[in-house]
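Below are the chains, spelled out letter by letter.
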Number of protein chains: 2
Amino acid sequence: MIIAVDAAGGDHYPQSPVAGAVEAVKAQDDLKVMLVGPQAIIEDELSNYQYDSEKVLVHHAPEIISMDEPPAQAVKTKRNSSIVAGNGLLKAGKCNGFISAGNTGALLAASTFILGKLEGVSRPTIAAIYPTVKGPRLLLDAGANLQMRNEMYVEFAQMGSVYVKSIMGVQDPRVGLLNVGEEEEKGTDELKDAFKSLQDLPNFIGNVEGKDILTAKADVFICDGLVGNLLLKLGESIPPVLEKFIGRAAQKMNLSREQVQLVSKVLKTSLSEFNPDTIGGVPFLGVNGVSMVGHGGSSPEAIKNMILNAVKCVENNINDEIVASLK
Amino acid sequence: MIIAVDAAGGDHYPQSPVAGAVEAVKAQDDLKVMLVGPQAIIEDELSNYQYDSEKVLVHHAPEIISMDEPPAQAVKTKRNSSIVAGNGLLKAGKCNGFISAGNTGALLAASTFILGKLEGVSRPTIAAIYPTVKGPRLLLDAGANLQMRNEMYVEFAQMGSVYVKSIMGVQDPRVGLLNVGEEEEKGTDELKDAFKSLQDLPNFIGNVEGKDILTAKADVFICDGLVGNLLLKLGESIPPVLEKFIGRAAQKMNLSREQVQLVSKVLKTSLSEFNPDTIGGVPFLGVNGVSMVGHGGSSPEAIKNMILNAVKCVENNINDEIVASLK
C-alpha cells in the first residue's frame, strides 16, 4: 500500500508532512509513503531523519498552491503543484490514497475534477469530526456545499453513516438533521423537504438541535455547508477561549502556582478529545478515490494519523461501501 | 414605572416570576411590578413573601399557554392568557414593559400582532446574548426569522447596535456578518448581497467566522435564524458538557477529593459568564414596546435581572433610538 503525502501543504511544510510520513511507515507494516512536492526541499528535510528509503518515496512537483489562493484557478493553472500531482498519481493508480494539510478548496476542486465522483453522488462533501461526550462524531457538510439540493441530504447521510461505521467504529450510527426544533414541521421549506426524504433511511432519528451535538444525540449530523462551517469553527475555538476563561478565574481566585498547574493539567486532559491532531483529517466523501484533508496547522502527529486513517479507508473499501449504500 | 411580569410562563411558575418580581422592586426605586396570570395562584405564591403591596400588583389572566403549544394558534384562541394579556396591558399603556419566561414563539407572535412593528422595521427579531472573552455580546437573529430578506440584515445590524450600545454599554459596537470566510466574495448569494448592503453602515467590519464569536471579533453578529438558533443552542450546551469532560479527566487522573473540589470551583467561576441568569433575557427588537423573553428555566434571579433590563430599555428610550437609526 502506498499513500501519497502532500509535502508542500499546510502551515508547517515540509517539516510536518515529512516527519509525519516517516513516523507513519514505522507504525504500519507494508506501508510506503510518497512525498509529493519540490524534490530538493523534501530531500533536504528528509536528511534530518533515519528511515527505510524503500518505504519513503519522493515525487517531484515543483509548484506550490498557497493556503489562501483562489482554489479553482490554482488547480487550473498549477498543474505541477503537489495538490494536482498527488491526485493525478492516485487517478493513475501509482498510489492508493492521497493526504494533505493544504488549501482545502483547491484539494476538493482537484479531487473532484481529477478523480471524478462516485456513482450515485451528486456532490462530494467535506465532513468535520466533532468531539462529543461519546467520542468523535461526524458533521457534514462542513463548508463545501453552501447550497444544498434535496437529494444531497440523503446522500450525505448515507456517506456519513458508512464512514462513521467503517472508519470510526460506531455500530448502528444514527443520523440527525440539524434544525431549530425537533418537530417534523420545524425549519425552512428546504429542511422540511429534507426531513421527508431522510425518513426513508432506517437510521434517521429526526431533527436534532444545536444542544444535541456535543451530547451526541446523533452520530451523523446533517446540515448545509454554511451551518456546518460555522458550527465547526465555533467548536474549534472552544479550547483556547476556555483556557482564557479559566486563567482569568484562577487569577480572580488568587490560586497558588501549584493549584494553577493542577487546573491546567485537568483542563488539558479533558480537552484532549478536542485536539485535531488525534483525528488527523477527514476524507472528501463522494470522490472516486481516498483523498483526505487535514487542518492547516497539522503537526507531524496529525499527518501520521491522517496517513493511517487513509490506510484504513483503503483497507475497508470505503468507496465501494458508499456506492453500495446509494443504490 | 410599571413592568408587567408573566406569572404563568416558564418551567418554574409561579415561583420564579413571583420571587423575581418581589426582588426587583426591592432593587429598584420607583418600580412597580404587575404580575399577570391566574389571580389565585399568584396570591397564594405571594403569601410566602414580605413585600410592599403598593408596588406589587396583580392582573388576573386565567388562561395558560404551555411551553410547547403551537404559537400562532395559542395566541389566537387564548385571549385571556398571561402572554396575550401582558402585551395588551402594554399596548393600552397600563405598564411600561412586559417580561416573560414563557413560550417564545407565542410571545413573539403576540408582541408583533398586539404591539405592532416599529417604523422602518420589516420583521421583528429575537437576539441572543453570547458570552465572549470581552463579556456578553449580541447575536441575531436567534431563531425568529429562518428566511431572511436583504433589508433585514441591515435592520438587524442597526437594532443590534442600538441595543448593545444603550443597554449593554459597549461603546462603538462593530457589526460582523457570520460567513464561511472573511473575504467579500465568500458565502451564498444571499450573504454576498447582505455584505453589499451592510457596507453602507459605518460600523460594519465585514464577514466574520465561527471562530470569531467567542473571541468577540464583532459586538453584533448578524445571521439568519437557523444559523443563530443552532449557534445559540450549541453555546448553551458547552458548560454542562464541559463539566462532564472535566469530571472524566479528574477521574482518569485519580485526583483527591480536595483537588476535584478546587477544579470544580475554578470551572464554575470561569463559566459564570455563560450563566443565562446573569443576562435575564433578551428583547424582541423591532416591536413597538418593550417586550422581553427569558429562558424557560429562568430562576428568580434571572426574572429579576430581566425586569431590571426592561427598566433600562424603557429609561433609555431604546425604541426611539431604533427608529432614528433606521431613518
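Bringing the nonpolar core into the picture now. Ranked by internal contacts, the top residues of the largest apolar core, which has 201 residues, are V5 of chain A together with V5 of chain B. Leaving out residues up to four positions away in the same chain, V5 of chain B has contacts with P17, A21, V33, M34, L35, V36, I99, I303 and I307 of chain B. Core analysis: the second largest hydrophobic core is formed by 16 residues, F245 and I246 of chain A together with I246 and V263 of chain B among them.

On to the relation of the copies chain A and chain B, then. Mapping chain A onto chain B calls for a rotation angle of 180° and an axial translation of 0.0 Å; the resulting RMSD is 0.0 Å. The operation mapping one copy onto its partner corresponds to a two-fold rotation axis.

If you look at the interface, chain A gives 42 residues, while chain B gives 42 residues. Counting only elements with at least two residues in the side of chain A that touches chain B, the list comes to α8 (225-252) and α9 (257-270) of chain A. For the side of chain A that touches chain B, the element with the most residues is α8 of chain A, which contributes 20 residues. Broken down by class, the residue content of the side of chain A that touches chain B amounts to 23 nonpolar, twelve polar and seven charged.

Next up on the list: the confidence of the model for chain A. In this model, chain A carries a mean pLDDT of 95, and residues with pLDDT of at least 70 account for 100%. Confidence estimates for the predicted assembly give a pTM of 0.94 and an ipTM of 0.93.

In this section: the packing of α8 of chain A against α9 of chain A. Residues and elements named next belong to chain A. At a closest axis distance of 11 Å, the pairing of α8 and α9 adopts a crossing angle of 160°. Judged on the interaxial angle alone, α9 and α8 are roughly antiparallel. Here the hand of the crossing between α8 and α9 comes out right-handed. Of α9, the residues touching α8 (which contributes E243, I246 and A250) are V260, V263 and L267. Considering only residue class, the contact of α8 with α9 consists of five nonpolar, no polar and one charged.

A separate point is the domain arrangement of chain A. All names here are of chain A. What the domain assignment lists for chain A is domain 1 (1-121 + 286-317) and domain 2 (126-276). The straight-line distance from the C-alpha centre of domain 1 to that of domain 2 is 26 Å. Opposite the eleven residues of domain 1 that make contact, domain 2 presents seven residues. The element best represented in the side of domain 1 that touches domain 2 is helix α11 (residues 300-315), accounting for four residues.

Thresholds applied
Residues numbered from 1 in each chain as written. Chains lettered and ligands numbered in written order. Predicted model: local features only at pLDDT ≥ 70, side-chain atom pairs only at ≥ 80, totals over all residues. Core = buried A, V, L, I, M, F, W, Y, C linked by C-beta atoms within 7 Å. Buried ≥ 20, exposed ≤ 12 C-beta atoms within 10 Å, placed from the backbone. Contact = placed C-beta atoms within 7 Å. Least-squares fit on C-alpha atoms with pLDDT ≥ 70 in both. Helix = DSSP H or I, 4+ residues; strand = E, 2+ residues; numbered from the N terminus. Nonpolar A, V, L, I, M, F, W, Y, C, P; charged D, E, K, R; others polar. pLDDT = per-residue confidence, 0-100. Axes fitted to C-alpha atoms, helices over the stretch in contact; angles between N-to-C directions. Parallel < 35°, antiparallel > 145°, perpendicular 65-115°, else oblique. Left-handed = near helix turned anticlockwise from the far one by under 90°. Domains from an automatic or database assignment.

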